[in-house]
Amino acid sequence: MKPAPFTYHRPLSIDEAARILSDVAEHDGRIIAGGQSLAPMMAFRVARPHHLVDINEIAALDVLTIEDAALRIGARVRHARFIPGAIAGPTGELFAKVMPNIANYSVRSRGTFCGSLAHADPASEWCALATLLDAEIIAHSVRGERRIDVRDYFDGAMSTTLAPDEIVIEARMPVLREGTRTGFYEFSRRKGDFAIAMAIVAFSVENGRITSPRVSIGGAEPYPRRIHEAEAALDGAAPDAAAFAAAADAAAAAVDPMEDAMTDAAYRRDIVRAATRRGLEQAMQ
Ligand SMILES: Cc1cc2nc3c(=O)[nH]c(=O)nc-3n(C[C@H](O)[C@H](O)[C@H](O)COP(=O)(O)OP(=O)(O)OC[C@H]3O[C@@H](n4cnc5c(N)ncnc54)[C@H](O)[C@@H]3O)c2cc1C
């Protein structure tokens, strides 16, 4: 099937994009970034926007840098940019660990980090990572700039607190301090499919004890969240199999898993348990 007709806009600046979106948002005008979610939805006519505002010509959105101990990711940055070495330190290592699990190479070479945040698929790896790192989403509209804490950003599966005329121009997140250990594990039935559940973890080890633990679970619930019960099980514990099993059990108990035709809640809960344990083990390797 082919998309329904639409008017195509190609602004050259953030302000021009905001002005156009402000005019067309109420006529189902939408941003198109990588098009890797929106274009297939339009082809199936699940989405029928009347206007597309293409942000790919806006060079100012090409930011990928660390500034004042915060990682800045502009809205034109593709998934494939997060190769090893692209970002310094443990934050960069974690991004590079996660990136190859998203889709396939052609999707990764077009799809954008901020597009994933805007699309807000429950099983988006970047949404889970932004949650782990307590990201801030920078939204821009004709009313100016708004900073949204990731905890106030998702409000359901594929739903966010962005207004229809707001553009995500950037995501910012504090970088992990040197020496932080990180791990990522997800399970999907076929490589490149959206995950049934995933765990992303980060912690330090000081004097043989875990400090600053973070555990983010994605895919299990309508949107990712940090699981404080699992973090509490890790905090101050020795980084051993018993602590990892306790944290994995805590994560599995804390989630309220989604169900679908292929996956019931008990199965998804089991995947959360296994993913958490394996993510933690990976962080110690
Ligand atoms: C075969 C296949 C497999 C995939 N597998 C995975 C996977 O395993 N994991 C995963 O996370 N994703 C997966 N995806 C989705 C892919 O990662 C998309 O790139 C991503 O979800 C959306 O980014 P995009 O830049 O392509 O956004 P687009 O498709 O351009 O837009 C998606 C939505 O977000 C809005 N939007 C985009 N950018 C902005 C912005 N800056 N401000 C405001 N709104 C915006 C659009 O209006 C639209 O509603 C897969 C896609 C395909 C086709």
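Treat the numbers as computed from the prediction; the structure is a model and nothing was measured.

(A) Quick look at the sheet that holds strand β13 (residues 209-218). Strand order in the open sheet formed by 4 strands is β11-β12-β13-β14, with antiparallel pairing between adjacent strands. Edge positions in the sheet fall to β11 (181-187) and β14 (225-226), since each of these pairs with one other strand and no more. With 2 bridges connecting them, β13 and β14 associate as antiparallel partners. Across the sheet, residue isoleucine 217 finds its bridge partner in β14, namely arginine 225. Of the strands in this sheet, β11, β12 (197-206) and β13 touch helix α9 (residues 265-284), which is tilted by about 150 degrees from β11.

(B) The arrangement of the sheet that holds strand β4 (residues 64-67) in detail. Strand order across the open sheet formed by 5 strands is β4-β5-β10-β6-β7, with antiparallel pairing between neighbours. Strands at the two margins of the open sheet, each flanked by one partner only, are β4 and β7 (144-149). Each strand of the sheet is rotated relative to its neighbour by a mean of 25 degrees, with strand direction disregarded. Looking at chain direction, strand β5 (residues 70-74) and strand β10 (residues 167-174) are connected through 5 bridges and run antiparallel. The residue bridging arginine 72 from the neighbouring strand is arginine 172, located in β10.

(C) View of the site of the ligand. Around the ligand, the surrounding shell holds 29 residues, and the nearest of these are Gly34, Gln36, Gly111, Gly115 and Ala118. Breaking the shell around the ligand down by element, the ones donating at least two residues are β2 (29-32), α2 (38-43), α5 (113-119), α6 (125-132) and β10. Per-element accounting of the shell around the ligand gives the leading share, 5 residues, to α5. Counted by class, the shell around the ligand contains 15 nonpolar, 11 polar and 3 charged residues.

(D) Region of the structure containing the domain arrangement of the chain. Examined at the domain level, the chain breaks down into domain 1 (1-178) and domain 2 (181-284). Taken residue by residue, the interface counts 23 residues in domain 1 and 20 residues in domain 2. Going through the elements one at a time, α3 (89-98), α6 and β8 (154-156) are the ones with two or more residues in the side of domain 1 that touches domain 2. Counting residues per element, the side of domain 1 that touches domain 2 draws most heavily on α6, which supplies 6 residues. Its residues placed into classes, the side of domain 1 that touches domain 2 shows 14 nonpolar, 5 polar and 4 charged.

(E) Molecular detail of unusual backbone geometry. Positive phi, normally seen in glycine, also occurs at alanine 103, with a value near 50 degrees. Among the structural elements, alanine 103 can be located in the loop between α3 and α4 (105-110).

(F) Structural view of α3. Within α3 the residues assigned to the buried category are Thr91, Leu94, Phe95, Lys97 and Val98. Viewed along the axis of α3, the buried residues span an arc of 160 degrees, placing them on a single side of the element. Tucked into the core, α3 has its buried residues touching β5, α6, β11 and β12.

What counts, and where the lines are drawn
- Residues numbered from 1 in each chain as written.
- Predicted model: local features only at pLDDT ≥ 70, side-chain atom pairs only at ≥ 80, totals over all residues.
- Pairing = 2+ DSSP bridges.
- Helix = DSSP H or I, 4+ residues; strand = E, 2+ residues; numbered from the N terminus.
- Contact = placed C-beta atoms within 7 Å.
- Axes fitted to C-alpha atoms, helices over the stretch in contact; angles between N-to-C directions.
- Near = placed C-beta within 6 Å.
- Nonpolar A, V, L, I, M, F, W, Y, C, P; charged D, E, K, R; others polar.
- Domains from an automatic or database assignment.
- Buried ≥ 20, exposed ≤ 12 C-beta atoms within 10 Å, placed from the backbone.
- Arc of directions from axis to C-beta.

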